[in-house]
Amino acid sequence: MKLGLIGTGNMSRSLGILWAEQGHEVFWGSRDPNKAKSVAEFAGHNTQGGTNDEAAEFGEVIFYSVRGVMPSTVLSSTNSLTNKVILDCNNREIPEGFAYGPLMAESLAEQLAADIPNAHVVKAFNTMAQEVLELSPQPLKEHQVSVYICGDDPGARQTAMTLASGIGFNPIDCGPLRSARMLETLGDFIRFMIMGMELGPYATISVNVLPEASQQRLGGRQSGS
Ligand SMILES: NC(=O)c1ccc[n+]([C@@H]2O[C@H](COP(=O)([O-])OP(=O)(O)OC[C@H]3O[C@@H](n4cnc5c(N)ncnc54)[C@H](OP(=O)(O)O)[C@@H]3O)[C@@H](O)[C@H]2O)c1
């Protein structure tokens, strides 16, 4: 696949390198094209760097890791994103002392989708710290580390799941983009585990489907009254 990554920060650099290792064509974009070129030089694997506009043109799939600034501001035109899959890993800022207000009425992913209605936004990769990416691929496979994926276009979700499983994750299809409200809240909780509970950046939450109990010695699930 041809992947365009907007921004050269921690998540973008790390995932871009992992996808390049898997044989995908990778192009990083930056506000400073020289910065993107040096990330590509560091990454090797015939990766490239340039402007954000060039990355948006290049990719069939776009990784968007700019928090709180919309593509209509970052790019000179969002026409280059038409019908493309946009992977959004963003989480909101952590308030002082993790003292969150009421749960969100709209996710960052839905705000992103409203800015680029011509594209297929998918929430993905927001629930693990960069350090977890350093474990790709084998330890991730061994520990069945989940990546939660949601988006309104089933084909775009499938693309994200393929990219996630290619680097060792266990992708979990969470349905429509509205689920990003839960996934971003899960991202909040995971960061609380990492920093607030001081479990460190390798703390993560994965889906674990247990084997069925061989007998219902507690009486089993009964209908509620
Ligand atoms: N780090 C993690 O462990 C982690 C894990 C899960 C989710 N996330 C989420 O992923 C997002 C990115 O995190 P990160 O750690 O990768 O951040 P980061 O290292 O700060 O990277 C963000 C990149 O976005 C670009 N950028 C920043 N402000 C911009 C602006 N005003 N206009 C255009 N581009 C801008 C910059 O790239 P250029 O300088 O190249 O333009 C910057 O390097 C955040 O929402 C974060 O909550 C992070």
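In the block above lies the structure referred to throughout.
Sequence positions are assigned chain by chain, starting from 1 and proceeding in written order. Only residues with pLDDT of 70 or above have their local features reported here, since the model is predicted, and side-chain atom pairs are shown and tallied only from 80 upward, although totals for entire chains, interfaces and linings are computed over all residues. Processing note: side-chain calculations cover all non-hydrogen atoms of the structure and skip hydrogens and water entirely.

Caption draft 1: Structural view of the sheet that holds strand β5 (residues 85-88). Here 8 strands make up an open sheet; going across it, the order is β3-β2-β1-β4-β5-β6-β7-β8 and the pairing mixed. Only two strands of the sheet have a single partner each, and these edge strands are β3 (48-51) and β8 (170-173). Geometrically, the sheet is characterised by an average inter-axis angle of 25° between neighbouring strands, direction not taken into account. Two residues form a contact once any of their heavy atoms are found within 4.5 Å. Lines fitted to C-alpha atoms define the axes here, with helix axes fitted over just the stretch in contact, and angles between the N-to-C directions of these axes take values from 0 to 180 degrees. Comment: elements are numbered from the N terminus, with helices defined as DSSP H or I runs of at least four residues and strands as E runs of at least two. This element, helix α2 (residues 33-43), spans β2 (25-30) and β3 of the sheet and lies at about 150° to β2. Along the sheet, helix α9 (residues 180-196) contacts β5, β6 (120-123) and β7 (146-151); its crossing angle with β7, the most-contacted strand, is approximately 150°. Strands are labelled as partners when DSSP assigns at least two bridges between them.

Caption draft 2: Inspection of the site of the ligand at higher detail. The nearness test applies per residue and asks whether one of its heavy atoms lies within 4 Å of the molecule or strand. As a structural note, the neighbourhood of the ligand is formed by 21 residues, with Thr8, Ser30, Lys35, Asn90 and Gln130 the closest of them. Here Arg31 contributes a side-chain N or O atom positioned 2.9 Å from an oxygen atom of the ligand. Asn90 places a polar side-chain atom, nitrogen or oxygen, 2.7 Å from an oxygen atom of the ligand. Here the ligand has 880 Å² of accessible area as a free molecule, and 75% of this is covered by the chains. In this classification, Asp, Glu, Lys and Arg are treated as charged, Ala, Val, Leu, Ile, Met, Phe, Trp, Tyr, Cys and Pro as nonpolar, and every other residue, Gly included, as polar. Counted by class, the shell around the ligand contains 8 nonpolar, 10 polar and 3 charged residues. Contacts described as polar in this section are N or O atom pairs within 3.5 Å, which, within protein, must combine one atom able to donate a hydrogen with one able to accept it, while residues neighboring in sequence count only if both atoms come from side chains. Areas reported as accessible are Shrake-Rupley estimates using a 1.4 Å probe. Residue values count occlusion only from the protein chains shown.

Caption draft 3: Inspection of the environment of Asp88 at higher detail. When you line up the elements, Asp88 lands in strand β5. For Asp88, a relative accessible area of 1% puts it in the buried group. Distance in space between the C-alpha atoms of Asp88 and Val122 is 6.0 Å, their sequence separation being 34 residues. Engagement of the side chain of Asp88 in a polar contact is seen with the side chain of Lys123, the distance being 2.8 Å. Residue burial is assigned from relative accessible area. The probe radius is 1.4 Å, only protein chains are included, and a residue is buried under 20% of its type maximum, exposed over 50%, and partly exposed in between.

Caption draft 4: Highlighting the state of the cysteines. Defined by distance alone, a disulfide is two cysteine sulfur atoms within 2.5 Å. Scanning all chains against the criterion turns up 0 disulfides. You can see Cys89 has no disulfide; the closest cysteine sulfur is in Cys150, sitting 13 Å from it. Cys89 sits in the buried class, given a relative accessible area of 8%. Between Cys150, a free cysteine, and Cys174, which holds the nearest cysteine sulfur, the sulfur-to-sulfur gap is 6.4 Å. Take Cys150: its relative accessible area is 0%, and that puts it in the buried class.

Caption draft 5: Spatial organisation of the pairing of β7. Among the 6 residues of β7, 6 are classified as buried, and the element is accordingly described as predominantly covered. Residue alternation in β7 divides its side chains into two sets, Ser146, Tyr148 and Cys150 and Val147, Ile149 and Gly151, and both sets are buried. When β6 meets β7, the two strands line up antiparallel, connected through 2 bridges. Opposite Lys123, over in β7, you have Cys150 as the bridge partner. Pairing geometry for β7 and β8, over 4 bridges, is parallel. Counterpart to Ile149 in the pairing with β8 is Asp173.

Caption draft 6: Looking closely at helix α5 (residues 108-115). Taken together, the buried positions of α5 are Leu108, Ala109, Glu110 and Leu112. Taken together, the buried residues of α5 touch β4 (61-64), α4 (71-74), β5, β6 and α9.

Caption draft 7: Highlighting the packing of aromatic side chains. Side-chain rings of Phe, Tyr and Trp, where Trp is taken by its six-membered ring, are said to pair if the distance between their centres is within 6.5 Å; with planes under 30 degrees apart they count as stacked, over 60 as edge-to-face, and otherwise as tilted. Overall, the coordinates contain 6 aromatic pairs when judged by the stated rule. Consider the rings of Phe27 and Phe58, whose centres lie 5.4 Å apart with planes at 35°: the pair is tilted. Within this pair, whereas Phe27 is found in strand β2, its partner Phe58 is found in helix α3 (residues 52-58), the two being separated by 31 residues in sequence. Of the two residues, Phe27 and Phe58, neither departs from the other in class, the shared state being buried. Taking the centre distance of 5.3 Å and the plane angle of 70° together, the rings of Phe98 and Phe192 count as edge-to-face.

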